[in-house]
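Residues per chain, in single letters:
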Amino acid sequence: MKAMLFAAGLGTRLKPFTENHPKALAPVNGKPLLQRNIEYLKSFGINEIVVNVFHFADQIIDFLNQNDNFGITIHISDERPEVLETGGGLVNAKHFFDEDFLVMNVDILTDLNTTEFITAHQENNALVTLAVSDRNSSRKLFFDETNALKGWKNLNSDEEIKCIETLDHCKELAFSGIHLINPKVFEMISETGKFSIMKVYMELMKTETILGFDHSGGILIDVGRPSSVLEAEKIFK
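The numbering scheme is per chain: residues are counted from 1 as the chain's sequence reads. Reporting in this predicted model follows two pLDDT cut-offs: at least 70 for local features of residues, and 80 or more for side-chain atom pairs to be given and counted; totals over whole chains, interfaces and linings ignore these cut-offs and use all residues. The side-chain quantities take in all heavy atoms of the structure and omit both hydrogens and water.

- The name that an unreviewed UniProt entry assigns to the protein is Nucleotidyltransferase family protein, with the source organism given as Faecalibacter bovis.

### Brief notes about the UniProt feature "domain: Nucleotidyl transferase" (unreviewed entry) in the protein
Line of reasoning, step 1. The feature "domain: Nucleotidyl transferase" (unreviewed entry), as annotated in UniProt, sits at residues 2-233 in this numbering.
Line of reasoning, step 2. Secondary structure counts use DSSP, requiring at least four H or I residues in a row for a helix and at least two E residues in a row for a strand, with both numbered from the N terminus. The annotated region residues 2-233 carries 23% helix and 29% strand content, and the separation between its end C-alpha atoms amounts to 28 Å. UniProt positions are given in the numbering used here, feature names are shortened, and annotations may be inferred rather than shown by experiment.

### Topic: helix H5 (residues 197-204)
Line of reasoning, step 1. Only protein chains enter the area calculation, which uses a 1.4 Å probe; residues under 20% of their type maximum are buried, those over 50% are exposed, and those in between are partly exposed. Of all eight residues that make up H5, six are buried, and the element is covered over most of its length.
Line of reasoning, step 2. For H5, the complete set of buried residues consists of Ile197, Met198, Val200, Tyr201, Met202 and Leu204.

### Description of the pairing of strand E5 (residues 73-78)
Line of reasoning, step 1. DSSP bridges decide pairing: two strands pair if at least two such bridges lie between them. In terms of strand pairing, strand E4 (residues 48-53) meets E5 through six bridges, oriented parallel. Along E5, the bridge assignment pairs Asn52 with Ser77.
Line of reasoning, step 2. For the segment spanning E4, helix H2 (residues 57-66) and E5, crossover handedness is right-handed. When the strands point away from the viewer and the path from the first strand over the helix to the second turns clockwise, the crossover is right-handed.

### So, the pattern of salt bridges
Note that side chains of opposite charge can pair when their charged atoms are close.
Line of reasoning, step 1. Each salt bridge in this description consists of a side-chain nitrogen of Lys or Arg and a carboxyl oxygen of Asp or Glu lying within 4 Å of one another. Counted according to the given criterion, the structure contains nine salt bridges.
Line of reasoning, step 2. Between Asp78 and Arg80 there is a salt bridge; the shortest N-O distance is 2.5 Å.
Line of reasoning, step 3. Taking relative accessible area as the criterion, Arg80 reaches 38% and is therefore assigned partly exposed.
Line of reasoning, step 4. Several salt bridges converge on common partners, so that one network encompasses Asp58, Asp78 and Arg80.

### Topic: the packing of aromatic side chains
Pairs of aromatic rings are described using the distance from one ring centre to the other and the angle between the two planes.
Line of reasoning, step 1. Only Phe, Tyr and Trp rings are paired, with Trp represented by its six-membered ring, and only when their centres lie within 6.5 Å; those with planes under 30 degrees apart are stacked, over 60 edge-to-face, the remainder tilted. Going through the model one piece at a time under the given rule, you end up with six aromatic pairs.
Line of reasoning, step 2. Their ring planes at 50° and their centres at 5.7 Å tell us that Phe63 and Phe70 sit as a pair that is tilted.
Line of reasoning, step 3. Phe63 gets classed as buried once you look at its relative accessible area, which sits at 13%.
Line of reasoning, step 4. Overall, Phe70 belongs to the buried group, its relative accessible area being 12%.
Line of reasoning, step 5. An angle of 5° between the planes, with centres 6.1 Å apart, marks the rings of Phe101 and Phe186 as stacked. Residue Phe101 is located in strand E6 (residues 101-105), and its partner Phe186 is located in the loop between strand E12 (171-181) and H5; the two are separated by 85 residues in the primary sequence. Of the two residues, Phe101 and Phe186, neither departs from the other in class, the shared state being buried.

### Topic: the environment of His75
Line of reasoning, step 1. Structurally, His75 can be placed in strand E5.
Line of reasoning, step 2. Residues His75 and Val50, 25 residues apart in the sequence, show an inter-C-alpha distance of 4.6 Å.
Line of reasoning, step 3. The residues touching His75, leaving out its near neighbours within four places in the chain, are Glu48, Ile49, Val50, Val51 and Phe96.
Line of reasoning, step 4. Polar contact is defined as a pair of N or O atoms within 3.5 Å, subject to the rule that within protein one atom must be able to donate a hydrogen and the other to accept it, and that residues adjacent in sequence are counted only when both atoms are side-chain atoms. Of note is the side chain of His75, whose polar atom sits 2.7 Å from the side chain of Glu48. Contacts: residue pairs with any heavy atoms within 4.5 Å of one another.

### Some thoughts on the packing of helix H1 (residues 33-42) against H2
Line of reasoning, step 1. Orientation is described by axes fitted as lines to C-alpha atoms, over the contacting stretch for helices, and by angles from 0 to 180 degrees between their N-to-C directions. For the pair H1 and H2, the least separation of the axes is 11 Å and the interaxial angle reads 50°. Overall, the two elements H1 and H2 adopt an arrangement that is oblique. Crossing of H1 over H2 shows right-handed handedness. On H2, the residues touching Leu34, Gln35 and Ile38 of H1 are Ile60, Phe63 and Leu64.
Line of reasoning, step 2. In this classification, the charged set is Asp, Glu, Lys and Arg, the nonpolar set is Ala, Val, Leu, Ile, Met, Phe, Trp, Tyr, Cys and Pro, and all remaining amino acids, among them Gly, are polar. In terms of residue class, the contact of H1 with H2 is made up of five nonpolar, one polar and no charged. Should an angle fall under 35 degrees it is taken as roughly parallel, and over 145 as roughly antiparallel, whereas 65 to 115 is taken as roughly perpendicular and any remaining angle as oblique. Working rule for handedness: look at the near helix, and if it is turned counterclockwise from the far one by less than a right angle, call the crossing left-handed; if clockwise, right-handed.

### Topic: the nonpolar core
Line of reasoning, step 1. Residue types Ala, Val, Leu, Ile, Met, Phe, Trp, Tyr and Cys, when buried and joined through side-chain atoms within 4.5 Å, form a set referred to as a nonpolar core. Counting 33 residues, the largest nonpolar core has Leu34, Ile38, Leu41, Ile49 and Val51 as its most contacted members.
Line of reasoning, step 2. When contributions to this core are tallied by element, the ones reaching two or more residues are strand E1 (2-6), H1, E4, H2, E6, helix H4 (114-123) and E12.
Line of reasoning, step 3. Once residues lying within four places of it in the same chain are set aside, the contact partners of Ile49 are Ala3, Leu5, Ile38, Leu41, Ile72, Thr73, Ile74 and His75.
Line of reasoning, step 4. Residues Phe96, Val185, Ile189 and Met205 belong to the second largest nonpolar core, which totals 31 residues.

As structure tokens, then:
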């Protein structure tokens, strides 16, 4: 299986580091996030990875070249001159994928068992499977008793999107920034340019199988702020 690491973002929450560097190279105990996630994916047998770049793209490309791509095949999906967000970034890289592939944000550190995640996705013949967990978040996804995605809600603004009458009986979980995707999804995306893949999922959940994979109780750190770097350094040595 191939994977894609979203590494193009501006990383504004990680300032001042990201004023001069890409967030992908933010170090956790001296090892950049990008390297940690390449090694994490390699540990599950993934040896071909697409990395999208925009913010300080040359630093990422140079880092990979200096480390001989960590012994695997790495493709660069260059989004310059405009960062394309998650949806546009996927569409820009679609030519790399002809079978199910894994996508994760480069600033996520986790102990998610990717083998179990892939097995669940493929056994259920899902279009998309989202890694989710029960944790604090201002944005939640809602799943029915079959783990099918049925809605989204911003808990701060009460804005919600749903494909059933009420979400009251659904499980409320937070997205972990990791998804498994069947490339058939590209045939169903009409948006172009810069857009969010989550908005696409909100439309596709009405007609397609989009599932949640609950890994509550495991480790998941969104290394998006300097304080979360310190948290990550306590766990990831």
